[in-house]
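Architecture and fold: a report
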Amino acid sequence: MKSENPLALRATPLIRGAGAFIVLAGAAFFMGDYHNDVYRKLLLWVTLALGYNFLFGVCGQVAFSHFAFYGIGAYSIVIFLFQLHLPFPLAAICGIALCIVFALAVAIPSTRLEGFYLALVTLALGQLFIVVLNEGGTVTGGTGGIANYRLPEIYGLRLRGPWYTAVIALLVVATYAVLVRLDRSGFGRACRAVRDNPEAAAAMGVDVARTKVIAFTLTSVLAGIGGMVYAFVDNTVNPPIFGIENAFLLLFMVIVGGAGRHAGAVIGAVLLFLLPFWLSPLVGHHHALVFGVLVVAAILLEPRGLIGIYDRVADRYKGSPSR
Amino acid sequence: MSALLEVRGLTKRFGGLTAVHDLDFEVREGEILGVIGPNGAGKSTTFNLIAGTYAATAGDVRFAGEPILGLAPHRIAARGVMRTFQHNRPFAGMPVIDNVLVGAHTRFGATLWSVVLGRSRAEESRRRERAAELVQFVGLGELARADVTTLSFGQGRLLEIARALAGEPRLILFDEPAAGLTPAECARLAGVIRGIAARGIAVLLVEHDMHFLLPLAHRVVVLNFGAKIADGLPAEVRTHPAVMDAYLGSHAAH
Amino acid sequence: MQDFFELAVGAAASGCVYGLIGLAYLLIIRPTGIINFAVGEWAMLAAFGGYVTLTKYEWPYPVGMAVVLGLMFVVGWATERVVVRRLVEGGAPLLAPILALLGMLVVFRESISVTFPPDPHPVPDAFGIGRLELGPIGGTYQSFFTIVTALGVFIGAWLFFERTVAGKAFEAVALNRRAAALMGIDLTRVTALSFGAGAVVAGLGGLLVAPNISAHYLMGVPLAIQGFTALVIGGVGRVAGPLLGGLLLALAEQLTVRYAPVPAGYAQGVPLVLLMVFLLLRPTGLLKAKV
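In short, a report on the structure. As the structure is a prediction and not an experimental result, all values here were calculated from the model.

Attention now moves to the overall build of chain C. The helix and strand tally for chain C stands at 11 helices and two strands. Shown N-terminal to C-terminal, the secondary structure of chain C runs as helices and strands in the order α-α-α-α-β-β-α-α-α-α-α-α-α. Radius of gyration (C-alpha) of chain C: 19 Å, near the 19 Å computed for a compact globule of 291 residues. For the C-alpha atoms alone, the extent of chain C along its principal axes is close to 55 × 45 × 35 Å.

The helix and strand inventory of chain A stands at 14 helices and two strands. The C-alpha radius of gyration of chain A comes to 20 Å, within 12% of the 20 Å expected for a compact globule of 323 residues. Overall, the C-alpha framework of chain A stretches about 60 × 55 × 45 Å when taken along its three principal axes. Of all intrachain contacts in chain A linking residues separated by at least 6 positions in sequence, the fraction that spans at least 24 positions is 74%.

On to the sheet that holds strand E9 (residues 219-224) of chain B, then. Each strand in a sheet pairs with another by means of backbone hydrogen bonds, the pair being arranged parallel or else antiparallel. Residue and element names in this part refer to chain B. Ordered in space as E6-E7-E8-E3-E9-E10, the six strands form an open sheet in which the pairing is mixed. This sheet does not close on itself; its edge strands, each paired only once, are strand E6 (81-83) and strand E10 (227-232). The mean angle between the axes of side-by-side strands here comes to 20°, regardless of whether they run parallel or antiparallel. Inspection of the sheet shows strand E3 (residues 32-36) paired to E9 by four bridges, in the parallel sense. Note on E9: the bridge partner recorded for Leu33 is Arg219. Docked against the sheet, helix H7 (residues 183-198) engages E3, strand E7 (171-175) and strand E8 (202-206), running at close to 145° with respect to E8.

Attention now goes to the interface of chain A and chain B. By a widely used convention, the size of an interface equals the accessible area lost when the partners come together. Contacts between the two partners involve 24 residues from chain A, matched on the other side by 28 residues from chain B. For the side of chain A that touches chain B, the secondary structure elements donating two or more residues are helix H7 (162-183), helix H8 (186-196) and helix H9 (198-203) of chain A. Tallying contributions element by element places H8(A) first for the side of chain A that touches chain B, with eight residues. Here the side of chain A that touches chain B is built from residues that sort into 12 nonpolar, five polar and seven charged.

Reading the values: the criteria
- Every chain is numbered on its own, with residues counted from 1 as its sequence reads.
- Starting at A for chains and at 1 for ligands, labels are handed out in the order in which the entities are written.
- Local features in this predicted model are restricted to residues whose pLDDT is 70 or higher, and side-chain atom pairs enter the listing and the counts only when it is 80 or higher, whereas totals over whole chains, interfaces and linings include all residues.
- Secondary structure is summarised from DSSP: a helix means a run of H or I of at least four residues, a strand means a run of E of at least two, and numbering begins at the N terminus for each.
- Throughout, the radius of gyration refers to the C-alpha atoms, and the reference size of a globule is 2.2 Å times the residue count to the power 0.38.
- Contact between two residues is assigned when their C-beta atoms, built from the backbone, lie within 7 Å.
- Two strands make a pair as long as DSSP finds a minimum of two bridges between them.
- Angular values range over 0 to 180 degrees, each being the angle between N-to-C directions of two axes fitted as lines to C-alpha atoms, with helices fitted over their stretch in contact.
- Each residue gets one of three labels, nonpolar for Ala, Val, Leu, Ile, Met, Phe, Trp, Tyr, Cys and Pro, charged for Asp, Glu, Lys and Arg, and polar for the others, Gly among them.

See below:
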């Protein structure tokens, strides 16, 4: 990428990432508390959608456990920090290790079965997680969850308000960067090959089971990290948030936005997250009805999602096929 | 020249049916070995046994001296044995060039860490250039960025070959590559296969169509009812009494 | 042991309901391969139908039941026609209708949530409230009615698949769609009928269980999971599979609640744990398919 001025900054990925981070984080400082709260949750949904899109759209695996891992991350950091009183870095590492263990425990047996089994096992796992949370007594706080804690100082830093939003912005940008790199690499191609034709992928040397396990574990850990960050957004964790309702919503976001494309995940997450705010005068809190209709419409009319519609319009404008 | 692929006593029974019985043959480097036989002769089964899709009942298959029978397909590919599919199996969600790049999967050195840190870009562009060369070699040059669903049947067949070549194989297994092709496409295919053998790659060509295979192969193995009935140069096999018997018997199929 | 017999009828009735939901899945999975998670919502719709016809308008039970089940057939047929047909005929991968039906799950549930207030809506028992004692075994009229009706449905389904030409057509489609189409079987008709029948069966399950738990817009998903677990335990290859699976599941739930040293809430975990165990260890279920 040559620019006219030899002194001008070349837009390397690092520069672009830093720019995106500055914009996303900076915006937090211009918002009041309420908007900051909404914005944080939006950023977290975008992070989750990016990860889920990699698992579902790029690797072709349907799973309903993403929110369970989000919850494992959230609950574990709170329990490790405030019940076991571990120092923050250790608590974080333990939380991640827990996610890895659960992800492997689910993925390794499931991958030797046919396609949809992972979806079913993860559906059961997701529900079981909620049951365990509800019945967890003093450890998990039962149906009420755990509240009344605050993010401790980390190496002397007190991250509050828009500074915490900046942390989330960093998470989004880092997640995006990692996933884009993986997607464009041999691993990403292997994932797509497994999605499109597992038998041919194996014949080309792709270890199908291993690829699936890695993709599942990686994205589940990303969800877990997101959960750890989430724990300090509302400073409360309770069971309903991590249920299958949100798992379905995540799936719907990715389908409507456009599975397999990072931009699709972002668009889907932003749209379906903001839709309830715009629709509430019309449908009250029954916005799920609209989501259901959108998903069915997407699958029937434009399976490539909103990004697919954008591509089609862009093609006609440019007169040549894009992507 | 020593044999690159050695098949000894290969047997496959499906319940009461013996599909392949006590097969012995070998393939040498740079040689095109044809495996022909009428429908139901066991060609497909033999192919799938070597490629790792089926488990054998008995026998031994060695590649470069190492046993490969019973290995999972992806391990066989890593050893340097690549294959094509009779009914084209492209990766529909990727353009042509990316399909070919998947073929090179086992040749990539990058670990996930190096990918995340952005260190593997140089290797990636090298591989992409090689893949582009292969796309040219099989004759799909202008279509590198094309959507695979827009390819014709014959073009899809060429993609299968480019993809297999991307794995830098020492042995390629072709599963009825001429099936469904027009005479012109067959001629082009034969040229590509000769080019592959000329590069020193061993070729095992399972084919039903004698007219395509006999002029192309260096040596031919003929199967019937799961057993080998002839093994030799195409000219010898063409006039072999057992072979003519087998084919005349099912000549109605031609 | 005494209380085991007391529970037996109730558990058997629950098991029959799970079995019916499992059968609804089976009727659709066999000819099409589509896993329709919306069957739980179908059960929920029928439960609300029961509320409207039987509680609100107080129609006689047989009339209300017939009307609701008739409407369920239409709902099932319409679901296939609007959501599934285009995808199947367009050659979309199997995942597409499955996900579209997941969307419909939400649509069905929210439609009811919009139409009715959120509290539970009572649905009457078929024969009124009362108990029947047969020696050591005893249960409510509703439990016996549920068991008898479910058995009737399963026997009817078995007869249909084993003894009728139409049933053989279903089997043929289940074994090989292409071959069945080449033999002249109308795949669209089979698919439409399987959805309609599945909706009726699931609706029956919903109607039978509703008096115990009341019609509530969230009742669909737990039933969908229990029904699916019943199917996985029993096996999808035989009509009797879901029934066996349902009974075993209900038994496991009862035993857990009664005897396991864990809080009662964990009973909800029983179908989930069983589902995971069977999926990972014995995905084909307990009953072997014929052939």
